[in-house]
Amino acid sequence: YNPLNAVSGLTLRRTRSVLGLIEGGGDWPDPPRTLFRAVLQEAQRSVMMFDGKILFIYLPSWAEIIQRDETKARYRDTALEVANSLKIPVLDLRAAFIANRDPRSLWPNRRPGHYGREGHALVAKHVIEFMNHLGILRSLKH
């Protein structure tokens, strides 16, 4: 709970609501697929300059996992489709969060916001497994 939300002018609550950044937000426009594709392509070019590897890791939100809110699903789906179409390795962590025996425990105090200790541990575990699967960690050791 943020006590400043009671004074909407201090936290721009109305603006955040209209943008859909808090519950009760307005309609979301179509995802900017072309712009997102251009951003990922530029990221690929930049990373290739130093022989790096770009990965796309999708981190789900409280609303998506706990409230089953699919308001922004078009954005998620577009991002995953664009990354896949560019042959960027994708790790979608939705299934791991949903499969957790107590998904609320992945957030501090079982409340929305940034991930808590258990949430970060879950993400780290899956990212390390993903990087091992891709052979990235082996190449870093040499």
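Before reading on, note that the structure itself is shown above.
The sections below set out a description of the structure shown in this document. As the structure is a computational prediction, the values presented were derived from the model and not from experiment.

Some words on the nonpolar core
And step 1. Residues L93, F97, W107 and V123 are the most contacted members of the largest nonpolar core, which totals 17 residues.
And step 2. Aside from chain neighbours lying at most four places away, what touches W107 is P60, S61, W62, I65, I66, F97, P112, G113, H114, Y115 and G116.
And step 3. One finds L40, L80, V82 and L86 within the second-largest nonpolar core, a separate group that totals eleven residues.

Quick notes on the pattern of salt bridges
And step 1. If you walk through the whole model with that rule in mind, you get ten salt bridges.
And step 2. Note that K125 and E129 form a salt bridge whose closest N and O atoms lie 3.6 Å from each other. On the criterion of helical spacing, the pair formed by K125 and E129 is a turn pair, its members being four residues apart in helix α7 (residues 117-134).
And step 3. Judged by its relative accessible area of 43%, K125 falls in the partly exposed class.
And step 4. Salt bridges linked by common partners bring E64, E70, R76, D77, D92 and R94 together as one network.

What counts and how
- Residues numbered from 1 in each chain as written.
- Predicted model: local features only at pLDDT ≥ 70, side-chain atom pairs only at ≥ 80, totals over all residues.
- Heavy atoms only, no water.
- Core = buried A, V, L, I, M, F, W, Y, C linked by side-chain atoms within 4.5 Å.
- Buried < 20%, exposed > 50% of the residue type's maximum accessible area, 1.4 Å probe, protein only.
- Contact = heavy atoms within 4.5 Å.
- Salt bridge = Lys/Arg side-chain N within 4 Å of Asp/Glu carboxyl O.
- Helix = DSSP H or I, 4+ residues; strand = E, 2+ residues; numbered from the N terminus.

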